[in-house]
Each structure stands twice: as structure tokens, then as C-alpha cells.
Amino acid sequence: MDDKAERMDVPKKESQKEIIVTLDIMLAKRKMRSNELAAEVGITVQNLSLLKSGKVKGIRFNTLQKICEVLDCKPGDILDYG
């Protein structure tokens, strides 16, 4: 296999589903800014931004729990699968 073939991105299959982060919607409903949430949860604004954009591979359960406590929501309110 040549170098060019190794660097090519593999296209997603149409049937492949992924986790969708809908944290922005809940922040808007609660009229809260990202920096406020980050401070209350104890994470950096940068990490919260990465989470909101879906550019993270995972999230610790305790972080998810803190986010839900601060936003008074359930994990299903900020995460979707589709």
C-alpha cells in the first residue's frame, strides 16, 4: 500500500450513527453562557467548547453528572444518538 492510500480518510457509511452533543440548546434554554457552566462544573472553557462541538472521544461520568446538575437536566437532554 502506498503512502497516499494510507493517508486517505475512510468515508463514513450512511448507516453509521454517532453521538450528537446538543449542549448549546440546553445552555440557551437555561440562559447560561459557556463560561458560567465551565466555572460551575470545574472544567476549562476550552474543554467545554470541544465537548459542545462534538470533537471529544468521551466524557467522564462525573463531568456529565455535574453538567446535568448545573443545567437541571438529564444526559438525554444534552446527548442524542442518530
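As the structure is a computational prediction, the values presented were derived from the model and not from experiment.

About the criteria used
Residues numbered from 1 in each chain as written. Predicted model: local features only at pLDDT ≥ 70, side-chain atom pairs only at ≥ 80, totals over all residues. Heavy atoms only, no water. Salt bridge = Lys/Arg side-chain N within 4 Å of Asp/Glu carboxyl O. Helix = DSSP H or I, 4+ residues; strand = E, 2+ residues; numbered from the N terminus. Buried < 20%, exposed > 50% of the residue type's maximum accessible area, 1.4 Å probe, protein only.

A. View of the pattern of salt bridges. By the definition in use, this model includes one salt bridge. As a salt-bridge pair, D24 and K52 come within 3.2 Å of each other at their nearest N and O atoms. Residue D24 is located in helix 2 (residues 23-29), and its partner K52 is located in helix 4 (residues 45-53); the two are separated by 28 residues in the primary sequence. Its relative accessible area of 45% is what places D24 among the partly exposed residues.

B. Focus on unusual backbone geometry. Phi at K31 is positive, roughly 50°, even though this residue is not glycine. Tracing the chain through its elements places K31 in the loop between helix 2 and helix 3 (34-41). Look at K31 and you get exposed, because its relative accessible area is 77%. Here D72, not a glycine, exhibits a phi torsion of approximately 50°, which is positive. With respect to the helices and strands, D72 occurs in the loop between helix 5 (61-71) and helix 6 (75-78).

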